[in-house]
Amino acid sequence: MHTGPEVSRLASLAGKYKVFLVMGVVERAGYTLYNTALFFDPLGKFLGKHRKLVPTALERTFWGFGDGSTLPVFDTPLGKIGALLCWENKMPLARTAMYAKGIQIYCAPTADASPTWVASMTHIALEGGCFVVSANQFCRRKDYPPPPEYTFGGLDEEPSPETVVCPGGSVIVSPSGTVLAGPNFEGEGLVTADLDLGEIVRAKFDFDVVGHYSRREVLSLVVKTDPKSAVSFTASADGERPASAGKKRDDSVYK
């Protein structure tokens, strides 16, 4: 990933405050946008990214699709950290891939403030035997550009500046399904909790979806982690690299 000044700024903030940071962003690659989660460590290092596998609903009209090459779980002093974005958390096979990688702190950034979201996060914590940290946005109309630059479709009239557009609902859930903090629907704020990784061990004794509670001979999952490129270049049978179409080959570009 070619990082720009925004990524450098996020990395410096993680280093300044000595935190692991998981941040949802809009990533631009060429002329395509991706819904992406970025990971940073307390030293201010950019660890990597996850691109959302399936953009949600109308997001598909302007965001690209990620692939299996960006499904990382990072082994850190805090535990093994990974993330799925918004509604891809509803994809059971994507979740299973994360469980198989040993995820312990499962991050779920979202814009879904529906009453069922916390139930989904609780289920994932129980299913995966992991801590789930779900951060949701709280925003009002005044946080968006003013009309006519930005308008809200489907409304009879323009909402007032103080109208709540997304009410939040950030929450932290333990591997036993206990809600440790949140959900916060009261406004902007911090949702915090102390995590005891020993709870993961206790939860796995009861239920390990990719371990003693799996049936490999009946059910299995294949995760293709190679990048899916629109264009690939292969050598000819005699080992020669193909020349560019319509151009005379210049060997200097292959050195």
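The model shown is predicted, which means the values in this text are computed figures rather than measured ones.

What counts as what
Residues numbered from 1 in each chain as written. Predicted model: local features only at pLDDT ≥ 70, side-chain atom pairs only at ≥ 80, totals over all residues. Heavy atoms only, no water. Salt bridge = Lys/Arg side-chain N within 4 Å of Asp/Glu carboxyl O. Helix = DSSP H or I, 4+ residues; strand = E, 2+ residues; numbered from the N terminus. Buried < 20%, exposed > 50% of the residue type's maximum accessible area, 1.4 Å probe, protein only. Domains from an automatic or database assignment. Contact = heavy atoms within 4.5 Å.

A. Seen up close, the pattern of salt bridges. Enumeration over the complete set of coordinates arrives at 11 salt bridges. E158 is paired through a salt bridge with R141; the nearest N and O atoms lie 2.5 Å apart. With E158 in the loop between β8 (138–140) and β9 (164–167) and R141 in the loop between β8 and β9, this pair connects stretches of sequence that are 17 residues apart. For E158, a relative accessible area of 38% corresponds to the partly exposed category. A relative accessible area of 4% means that R141 is categorised as buried. The closest approach of N and O atoms between E162 and K142, which form a salt bridge, is 3.0 Å. Of this pair, E162 sits in the loop between β8 and β9 while K142 sits in the loop between β8 and β9, placing them 20 residues apart in sequence. When salt bridges with common partners are traced through the structure, they connect E27, K49 and R51 into a single cluster.

B. Region of the structure containing the domain arrangement of the chain. According to the domain assignment, the chain consists of domain 1 (1–66) and domain 2 (67–227). The centre of domain 1, based on its C-alpha atoms, is set 16 Å off from the matching centre of domain 2. Contact with domain 1, which involves 17 residues of that partner, is made by 19 residues of domain 2. On the surface where domain 1 and domain 2 come into contact, there are 0 salt bridges.

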